[in-house]
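# Descriptive structure summary
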Amino acid sequence: MLPRGRPRAMGAAVLLLLLLLVVGFFLFGRDPEYGLGTTGTLDEDLYGSRNRSASSPQLLLPPKCEVLHVAVVCAGYNSSREIITLMKSMLFYRKNPLHLHLITDAIARNILETLFRTWMVPALLVSFYDAEELKPLISWIPNKHYSGLYGLMKLVLPGILPSSLARVIVLDTDVTFSSDIVELWALFGHFSDKQAVGLVENQSDWYLGNLWKNHRPWPALGRGFNTGVILLWLDRLRQTGWEQMWKLTARRELLTLTATSLADQDIFNAVIKERPHLVHPLPCVWNVQLSDHTLAERCYLEAADLKVIHWNSPRKLRVKNKHAEFFRNLHLTFLGYDGKLLRRELLGCLNRFPPGAEQLQQALAQLDEDDPCFEFRQQQLTVHRVHITFLSYQPPPPRPHDVTLVAQLSMDRLQMLEALCRHWPGPMSLALYLTDAEAQQFLHFVDTSPVLSARKDVAYHVVYRDGPHYPVNQLRNVALAQALTPYVFLSDIDFLPAYSLYDYLRASIEQLELGSRRKAALVVPAFETLHYRFSFPNSKAELLALLDTGSLHTFRYHEWPQGHSSTDYSRWREAQAPYRVQWSADYEPYVVVPRDCPRYDPRFVGFGWNKVAHIIELDAQEYEFLVLPEAFSIHLPHAPSLDISRFRSSPTYRNCLQALKEEFHQDLSRRYGSAALKYLTALQQSRSRA
């Protein structure tokens with residue numbers, strides 16, 4: 001039996017213990033699971049024994065259909081590719097509508113406007129902001145970081161984003177999500193009344209200044225914070241005078257420090273050093289940093305799950321790290337993921353569809369799935385994701401008679417590119433029909449090819465694979481739309497032009513006074529060889545000799561003579577000057593035309609009549625066909641495509657092509673009236689001969 005005084009004493013002890021715990025909480029700071037305690041060290045707080053799971057505390061998620069706002073600074077070709085993987089990972093997990101706020105240069109905006117317009121993702125709104133207008137706001141800050149001025153632009157987001165926008169998640173392009181971004185958004189709910197910036201502690205010793213001798217970093221609180229993932233409470237920052245605050249801090253530090261080394265991150269940390277009440281430390285798993293000097297292992301080895309992977313080394317995926325392969329595999333999962341699978345509606349939310357999406361769905365719904373030609377009609381309506389200028393590109397200087405070679409290809413014709421670059425020294429615009437995974441193989445192919453990597457005037461445009469048929473004319477239209485010179489040579493990837501053709505075409509355009517004075521299509525005679533090993537002729541005389549010995553033939557003379565017979569090869573042999581030829585049924589020469597020529601008819605997919613229809617359109621618009629006497633292009637042998645094999649073996653395929661021809665002629669009659677009768681008559685005569 002216990003004495004009477006013992007319960008009263010125990011109760012007092014319990015109260016004293018509770019009081020000590022409460023006082024300890026206020027004295028010693030925040031929950032170490034948030035990444036920073038009183039000491040601000042990685043060892044004791046962010047990754048120590050107290051960090052039981054290195055993950056978020058219990059989250060109160062926002063409503064399912066609340067719009068989440070995300071801001072990204074993106075400039076140039078490489079960042080425009082990086083942001084796609086970021087977007088795939090974000091869209092894969094997300095369950096909320098997203099509003100992207102993209103701060104871009106002209107290059108990235110051109111690329112990303114096309115990409116998001118053709119991606120057609122529901123419940124995704126994209127707003128663009130001109131980075132050029134922001135440069136004067138931060139150009140006074142010397143910066144050694146490889147991102148240049150763009151690496152400082154996150155500092156001015158509170159001033160340039162809409163004043164009605166209260167909160168935003170800010171991301172670098174080199175991060176990959178492995179969790180729903182709504183969980184990150186929910187961490188705004190854990191901010192105190194004064195906190196306005198949510199950051200993960202820097203997972204290296206950079207700001208401790210001990211990485212090398214005489215290393216002098218900017219001031220920071222403990223190990224500082226990394227700005228690859230930021231939660232910005234915008235209206236609170238505006239109320240605290242954020243713009244004046246960071247500028248005063250930066251100017252003062254620049255009196256003794258010559259430049260920023262880590263761009264905006266240095267200035268954010270200097271401000272936080274003076275005003276620690278502004279920062280809300282985030283769990284380390286929301287920014288697992290794979291820098292060259294990373295200590296992130298202490299976070300992710302204890303974590304129950306990772307949320308965001310950050311490739312914050314200049315070497316990106318090539319960073320040296322004993323667990324790099326694990327993280328690379330996670331990243332590569334999204335790099336090769338089929339983006340069209342992300343065109344999914346958010347169930348239970350009022351989905352905002354991209355422009356034209358609902359009309360497209362209605363048109364697809366009206367198709368008869370029992371129609372033998374259903375696949376052809378469905379392919380015609382398919383909107384492919386398009387990533388223009390997939391690689392770095394230097395546009396040609398403006399010249400009045402310049403010519404861009406325009407062509408399209410798929411992965412099985414990739415080997416043609418190097419030879420084409422050797423034959424054509426001028427600009428090219430090429431559309432590639434690839435899967436997401438093949439696009440990465442193509443990137444590697446170019447990087448490892450001395451010939452291709454040396455050419456900066458070749459614009460590659462990736463059209464992502466979607467549907468059973470090869471959308472040949474849609475691809476041509478993408479490449480044609482991106483040509484920047486006044487004239488285009490409409491070719492195919494399996495043709496090699498004469499070595500002198502580029503210079504010869506420019507001289508011919510000038511001599512013939514094309515343009516406003518003359519509306520013409522310059523015909524480049526087409527030939528073929530059946531030999532895989534072939535000595536390419538250097539002149540017309542050498543070509544004629546090969547033609548006479550049977551090493552060369554006029555293109556498709558034995559399979560489809562009507563396709564090129566109007567070029568009149570016998571006349572070409574003796575010609576010294578350009579000569580005019582008349583259109584005839586099924587004529588499909590390779591031509592040089594002004595850039596603003598009619599586009600190709602997208603209804604023709606796979607094999608058959610895709611170029612024929614375009615030549616008809618040129619003739620209907622009264623282009624004259626002029627054959628150039630010194631021009632030639634030679635087709636190289638290759639295995640037949642899947643579509644030509646289907647054409648040859650399937651009566652249904654051929655019947656559907658015939659139906660498309662008839663519909664094309666009906667449309668011609670509506671556009672050109674009685675002038676289109678000759679094309680219909682020619683088609684009927686062609687059918688009777690067949």
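Right above here is the structure, for reference.
Now for a description of the structure that goes with this document. (Residues numbered from 1 in each chain as written. Predicted model: local features only at pLDDT ≥ 70, side-chain atom pairs only at ≥ 80, totals over all residues. Heavy atoms only, no water.)

### Here's the deal with the nonpolar core
Just so we agree on the cut-off: Put simply, buried Ala, Val, Leu, Ile, Met, Phe, Trp, Tyr and Cys residues joined by side-chain atoms within 4.5 Å make one nonpolar core. Relative accessibility thresholds used throughout: buried, under 20% of the residue-type maximum; exposed, over 50%; partly exposed, between the two (1.4 Å probe, protein chains only). Contacts: residue pairs with any heavy atoms within 4.5 Å of one another.
Grouped together as the largest cluster of nonpolar side chains are 213 residues, with contacts concentrated most on Leu112, Leu171, Leu232, Trp246, Leu430, Phe442 and Phe489. When sequence neighbours within four positions are dropped, the list of residues in contact with leucine 232 reads Leu157, Ala166, Arg167, Val168, Val170, Phe188, Ala196, Val197, Leu237 and Phe268.

### Notes on the side chain of serine 89
As a reminder, the rule being used: Helix and strand definitions follow DSSP, with helices as H or I runs of at least four residues and strands as E runs of at least two, each counted in order from the N terminus. Counted as a polar contact is a pair of N or O atoms within 3.5 Å, where, for protein atoms, one must be capable of donating a hydrogen and the other of accepting one, and residues adjacent in sequence contribute only when both atoms are in side chains.
With respect to the element layout, serine 89 can be found in helix 3 (residues 76-93). One polar contact links the side chain of serine 89 to the main-chain carbonyl oxygen of leucine 86, over a distance of 2.8 Å. Each residue touching serine 89, except ones within four places of it in the same chain, is listed here: Thr176, Phe177 and Phe334.

### Some thoughts on the state of the cysteines
Filter applied, for reference: By definition, disulfides here are pairs of cysteine sulfur atoms that lie within 2.5 Å.
Considering all chains together, one arrives at 3 disulfides under this definition. Here cysteine 65 connects covalently by a disulfide to cysteine 349, the sulfurs 2.0 Å from one another. Disulfide cysteine 65-cysteine 349: the torsion about the S-S bond is -95°, which places it as left-handed. Residue cysteine 65 is located in the loop between helix 2 (42-46) and strand 1 (68-74), and its partner cysteine 349 is located in the loop between helix 12 (324-335) and helix 13 (357-365); the two are separated by 284 residues in the primary sequence. Residue cysteine 349 is classed as buried on the basis of its relative accessible area of 12%. The disulfide partner of cysteine 284 is cysteine 299, and the gap between their sulfur atoms is 2.1 Å. Taking the sign of the S-S torsion, about 85° here, the bridge from cysteine 284 to cysteine 299 comes out right-handed. Of the two residues, cysteine 284 sits in the loop between strand 8 (279-281) and strand 9 (288-289) while cysteine 299 sits in helix 11 (residues 297-300), which places them 15 residues apart along the sequence. With its bonded cysteines labelled in order along the sequence, the protein chain shows the pairing 1-4, 2-3, 5-6.

### Some points on unusual backbone geometry
Even without being glycine, aspartate 568 reaches a positive phi, approximately 60°. Assignment of secondary structure puts aspartate 568 in the loop between strand 19 (553-554) and helix 21 (569-574). If you check the backbone angles, tryptophan 609 has positive phi at about 70° while not being a glycine. Within the secondary structure, tryptophan 609 is located in the loop between strand 21 (590-594) and helix 22 (610-620).

### Looking at the sheet that holds strand 2 (residues 98-104)
Selection rule: In this description, strands pair whenever DSSP reports at least two bridges between them. Between the N-to-C directions of two axes lies an angle of 0 to 180 degrees, each axis being a line fitted to C-alpha atoms and, for a helix, fitted only over the stretch in contact.
Strand order across the open sheet formed by 7 strands is 3-2-1-4-7-6-8, with mixed pairing between neighbours. Here the strands that pair on one side only, and so sit at the sheet edges, are strand 3 (124-130) and strand 8. The sheet shows a mean angle of 25° between the axes of neighbouring strands, direction not considered. Across 7 bridges, the pairing between strand 1 and strand 2 is parallel. Within the sheet, the bridge partner assigned to alanine 71 lies in strand 2 and is histidine 101. Along the sheet, helix 3 makes contact with strand 1, strand 2, strand 3 and strand 4 (167-171), crossing strand 1 at roughly 160°. Helix 5 (residues 131-138) rests against strand 2 and strand 3 of the sheet, and its axis sits at about 50° to strand 3.

### Structural notes on the pattern of salt bridges
How we decide: By salt bridge we mean one thing: a side-chain nitrogen of Lys or Arg within 4 Å of a carboxyl oxygen of Asp or Glu.
Summed over the entire model, instances satisfying the criterion amount to 40 salt bridges. Note that aspartate 305 is salt-bridged to lysine 307, the shortest N-O span being 3.0 Å. Take lysine 307: its relative accessible area is 6%, and that puts it in the buried class. Notably, a salt bridge pairs arginine 648 with glutamate 559, separated by 4.0 Å at the nearest N-O pair. Residue arginine 648 is found in helix 23 (residues 642-649), and its partner glutamate 559 is found in the loop between strand 19 and helix 21; the two are separated by 89 residues along the sequence. We classify glutamate 559 as partly exposed; its relative accessible area is 45%. A network of salt bridges, in which partner residues are shared, links Lys88, Asp338, Lys340, Arg385 and Asp436.

### Digging into the environment of phenylalanine 555
Its place among the elements puts phenylalanine 555 in the loop between strand 19 and helix 21. Separated by 419 residues in the primary sequence, phenylalanine 555 and proline 136 place their C-alpha atoms 58 Å from one another. Every residue in contact with phenylalanine 555, bar those within four places of it in the chain, is listed here: Phe495, Ala526, Phe527, Glu528, His564, Tyr569, Tyr590 and His635.

### Notes on the pairing of strand 21
Counting buried positions along strand 21 gives 5 out of 5 residues, so the element sits mostly inside the fold. As paired strands, strand 15 (residues 487-490) and strand 21 are joined by 4 bridges and run antiparallel to one another. Opposite valine 488, over in strand 21, you have valine 593 as the bridge partner.

### Examining the sheet that holds strand 10 (residues 308-310)
If you walk across this open sheet you meet the 3 strands as 5-10-9, and the pairing is mixed. The strands lining the two open edges of the sheet, one partner per strand, are strand 5 (175-177) and strand 9. As defined by bridge partners, strand 5 adjoins strand 10 across 3 bridges and the pair is classed as antiparallel. Directly across from phenylalanine 177, in strand 10, lies its bridge partner valine 308. Here helix 12 sits on the sheet in contact with strand 5, strand 9 and strand 10, set at roughly 75° to strand 5.

### A word on the pairing of strand 15
The alternating pattern of strand 15 places Tyr487 and Phe489 on one face and Val488 and Leu490 on the opposite face, and all of these are buried. The pairing of strand 12 (residues 403-410) with strand 15 spans 4 bridges and is classified as parallel. Note that in strand 15 the partner of threonine 404 across the bridge is valine 488.

### Quick look at the packing of aromatic side chains
Applied cut-off: Planes of paired rings set the category: under 30 degrees apart is stacked, over 60 is edge-to-face and the rest tilted, where pairs are Phe, Tyr or Trp rings (Trp by its six-membered ring) whose centres lie within 6.5 Å.
Applying the stated criterion across every chain yields a total of 33 aromatic pairs. Centre to centre, the rings of tyrosine 499 and phenylalanine 536 are 5.5 Å apart; their planes meet at 75°, and the pair counts as edge-to-face. With tyrosine 499 in the loop between strand 16 (495-497) and helix 19 (501-511) and phenylalanine 536 in the loop between strand 18 (526-528) and helix 20 (540-549), the pair connects residues that are 37 residues apart, well separated along the chain. Under the relative-accessibility criterion, tyrosine 499 is labelled partly exposed at 41%.

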